[in-house]
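This is what each chain is made of:
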Amino acid sequence: MPTRKIIHVDMDAFYASVEQRDDPQLRGKPVVVAWRGKRSVVCAASYEARKFGVRSAMPAVQAERLCPDAIFIPPDFTRYRAVSRSVREIFLRHTDLVEPLSLDEAYLDVTENKTNLPTATEVAQTIRQQIRAEQNLTASAGVAPNKFLAKIASDWRKPDGLFVVKPAEVLDFLTPLPVERIPGVGKVTARRLAEVNVRTVGDIRALDLAVLQQRFGRYGMRLYELARGIDNNPVEPNRPTQSISAEDTFETDVLLHETEPMIRRLAERVWNASRKEIRIPRTVVLKLKTAQFSILTRSLTPAATPSSCDELTEFALSLLAKVALDPNQKYRLVGVGLSNFRDPAQSPDPLLFD
């Protein structure tokens, strides 16, 4: 089997860049795509706003404090979806193996490409040139032997950059990276790795598989493989979104009623991510992990899909009442998700509790 040639394309500050493209008065200015209000989160920030520390998924009030001169623009997802479709048409000129991750990024398998360009690097260069010429937008791209490496590479020279990781360079590229660059390594996992003096990907590679599995269970195998640049997941074209979720682990175990602040924050992250999807989620999911590592989920399929972040939050909080464990039970993790995605034309289901 030939070595795969994978490209990860990531549009630069996509929503904000579309707004700046369409309104010349916004160019060169700090633009924040978000509704104003205490419960709103940032959908996107221009690079001018990012210089002040503004980031996607940040509370809008925090963004306003960091950058008082920011220009707030309400998101227009209908327009962003139309631009995304045009960009996707460019991808499809080069390969049918396109896996969209959201409106602004996608994986492409160009092991064989339709335009007969000799290298994956030239394919990536051509795609970026076509996006600039036809959409007046910039995109960054990473080229690598697999999806894991290509996604890291696309972020390497943002904005408007291209970075290539050749097969012979994989280990040298990975070795100095902080462990947080590996998918799934958040603050808690990074802290557990630091407890055994593991702070870089190279440090992970120095650990035996048995040690990783003992400490991290099944995820230990994934850490072992990714630290060696091994990722056999194929590009899956036209894969419909099954779910969107966000979860976090508490620093110390908490009681059920104490999970509310985290549920509110996670619901904002999930709502923000769901706005990038063309298909409509029908079911709200709450996930909890007890201090004893037991996992339980509760879900709700309302008569109409959540129409705002506030509504999603209230649905998620309502599911706490469906948890019938000892009131003194403590929890170490909470998650919020959306699932049961449908095409917009499909009719809604009746109200259901699980």
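One can find the structure itself at the top, above this paragraph.
Residues numbered from 1 in each chain as written. Predicted model: local features only at pLDDT ≥ 70, side-chain atom pairs only at ≥ 80, totals over all residues. Heavy atoms only, no water.

S.K.: Explain the sheet that holds strand β5 (residues 98–102) to me, please; I cannot follow it from the model alone.
M.R.: Strand pairing in a sheet relies on backbone hydrogen bonds. The paired strands run either parallel or antiparallel. Spatial strand order, β5-β6-β1-β7-β8: 5 strands in an open sheet with mixed pairing. Each of the sheet's edge strands pairs with one partner strand only, and the pair in question is β5 and β8 (162–164). With direction set aside, neighbouring strand axes in the sheet form an average angle of 15 degrees. Sheet topology note: the β5/strand β6 (residues 105–109) ladder contains 4 bridges and is antiparallel. Directly across from P100, in β6, lies its bridge partner A106. Packing of helix α6 (residues 147–154) onto the sheet brings it into contact with β1 (6–11), β5, β6, β7 (139–144) and β8, and relative to β7 it is tilted by some 145 degrees. (Pairing = 2+ DSSP bridges. Helix = DSSP H or I, 4+ residues; strand = E, 2+ residues; numbered from the N terminus. Axes fitted to C-alpha atoms, helices over the stretch in contact; angles between N-to-C directions. Contact = heavy atoms within 4.5 Å.)

S.K.: How do you make sense of the pattern of salt bridges when you look at a structure like this?
M.R.: Oppositely charged side chains may form a pair once their charged atoms are brought near each other. For the structure on display, the rule yields 18 salt bridges. One salt bridge in this structure joins E19 and R79, with 2.8 Å as the shortest N-O distance. One end of the pair, E19, is in helix α1 (residues 14–22); the other, R79, is in helix α4 (residues 77–94), with 60 residues separating them in the sequence. Owing to a relative accessible area of 6%, E19 belongs among the buried residues under this scheme. When its relative accessible area of 25% is taken as the criterion, R79 is described as partly exposed. Notably, a salt bridge pairs E195 with R215, separated by 2.7 Å at the nearest N-O pair. Of this pair, E195 sits in the loop between α8 (187–194) and α9 (201–205) while R215 sits in helix α10 (residues 209–216), and the two are 20 residues apart along the sequence. Here the salt bridges share partners, and the residues they tie into one network are E19, R21, D22, D76 and R79. (Salt bridge = Lys/Arg side-chain N within 4 Å of Asp/Glu carboxyl O. Buried < 20%, exposed > 50% of the residue type's maximum accessible area, 1.4 Å probe, protein only.)

S.K.: How should I be thinking about α1 in this particular structure?
M.R.: Residues spaced three or four apart along an α-helix point in a common direction, a consequence of the helix completing one turn every 3.6 residues. Among the 9 residues of α1, 8 are classified as buried, and the element is accordingly described as predominantly covered. Of the residues making up α1, those classed as buried are F14, Y15, A16, S17, V18, E19, Q20 and R21.

S.K.: Explain the side chain of E99 here, please?
M.R.: Position of E99 among the secondary structure elements: in strand β5. You can call E99 buried: its relative accessible area is 1%. Among the polar contacts listed, one links the side chain of E99 to the side chain of K147, at a separation of 2.9 Å. (Polar contact = N/O pair within 3.5 Å; in protein donor to acceptor, adjacent residues only side chain to side chain.)

S.K.: Would you mind going over the sheet that holds strand β4 (residues 71–73) with me for this structure?
M.R.: The strand order β3-β2-β4 describes an open sheet built from 3 strands, whose pairing is mixed. Every other strand in the sheet has two partners, leaving β3 (44–45) and β4 as the edge strands with one partner each. Pairing geometry for strand β2 (residues 31–33) and β4, over 3 bridges, is parallel. Looking at the pairing, V33 lines up with I73 of β4. The strands that α1 touches are β2, β3 and β4; relative to β2, the one it contacts most, it runs at about 120 degrees.

Any link to function would need more than the numbers given here.
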